[in-house]
Amino acid sequence: MMPAPILEAIHRRRSIREYTEEQVGSEQLRAIIEAGSWAPSGLNNQPWRFVVVRDPAIRAALAGQTTYGHIVKGAPAVIAVYLDREAMYHETKDQQAAGACLQNMLLAAEALDLGAVWLGQILQNKTAVNGILGLSDRYELAAVVAVGHPRHRRQQSTRKPLSELILKEL
Ligand SMILES: Cc1cc2nc3c(=O)[nH]c(=O)nc-3n(C[C@H](O)[C@H](O)[C@H](O)COP(=O)(O)O)c2cc1C
């Protein structure tokens, strides 16, 4: 049986943190956001909202809010993924939906031959991030995704064996 493309993408995807100078097209960014928007959500409430930042000055300001600022500065674009408090109905489930949205976005970037990384450390300064992006506390930062053309694909990762992960098979 041929391996399904989605399974191949899941295994092939790596966090990409170094990018070339080449810009990412608006259509590609929109395709990544659209893939995010097709994630499942409780009651199909679709609580996610997005801010696309290409502007180097704004990216520099965002970079100042995380120890991973070099990634934010080096990426041609970043997408801040938010939860809209007015669309939320259950804290845990809405956070889970944001996670599904983010993973869809990473897989979409992989499918488009782009590189992306989920940046969570910046959440330590999420109030300052809202200030930089001109958003009220109605919007809660879930993560920032940096996107670009990979400078290389040498990135490797490992996973625990299933024998450590599966607690029981009953
Ligand atoms: C919730 C979350 C937060 C993360 N935060 C960061 C981050 O702030 N900076 C970073 O470089 N990578 C971050 N990552 C990426 C992880 O380091 C990466 O997914 C992990 O090391 C596995 O590598 P892989 O994505 O290449 O498989 C984050 C991933 C997740 C899911």
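Described in the following lines is the structure provided in the data block. Just so we're clear, the structure is a prediction, and the values are computed from it rather than from any experiment.

Each value, and the rule that gives it
Residues numbered from 1 in each chain as written. Predicted model: local features only at pLDDT ≥ 70, side-chain atom pairs only at ≥ 80, totals over all residues. Helix = DSSP H or I, 4+ residues; strand = E, 2+ residues; numbered from the N terminus. Rg over C-alpha atoms; globule rule 2.2 N^0.38 Å. Contact = placed C-beta atoms within 7 Å. Core = buried A, V, L, I, M, F, W, Y, C linked by C-beta atoms within 7 Å. Buried ≥ 20, exposed ≤ 12 C-beta atoms within 10 Å, placed from the backbone. Pairing = 2+ DSSP bridges. Axes fitted to C-alpha atoms, helices over the stretch in contact; angles between N-to-C directions.

**So, the overall build of the chain**
- When helices and strands are tallied, the chain shows 7 helices and 4 strands.
- Relative to its length of 170 residues, the chain is compact, with a C-alpha radius of gyration of 17 Å against a globular reference of 15 Å.
- Dimensions of the chain along its principal axes, counting C-alpha atoms only, are 50 × 40 × 30 Å.
- Long-range contacts, defined here as pairs at least 24 residues apart, represent 81% of the contacts in the chain between residues at least 6 apart.

**Concerning the nonpolar core**
- Counting 42 residues, the largest nonpolar core has V78, V81, V145, A146 and V147 as its most contacted members.
- For this core, the secondary-structure elements that each account for two or more residues are α2 (26-37), β1 (48-53), α3 (56-63), α4 (69-74), β2 (77-84), α5 (91-111), β3 (115-119) and β4 (139-148).
- Residue contributions to this core peak at 8 residues, all from α5.
- If we ignore the near neighbours within four places in the chain, the residues touching V147 are V24, L29, I32, A75, A77, V78, I79, A109, L114 and A116.

**Describing the sheet that holds β1**
- Taking strand neighbours across the sheet as the criterion, the 4 strands line up as β1-β2-β4-β3 in an open arrangement whose pairing is antiparallel. Every other strand in the sheet has two partners, leaving β1 and β3 as the edge strands with one partner each. Here the average twist between neighbouring strands, direction ignored, is 25°.
- One ladder, built from 8 bridges, connects β2 with β4; its direction is antiparallel. Bridging from a neighbouring strand, A80 pairs with V144 of β4.
- Strands β1, β2 and β4 of the sheet are contacted by helix α6 (residues 126-133), whose axis makes an angle of about 75° with β4.

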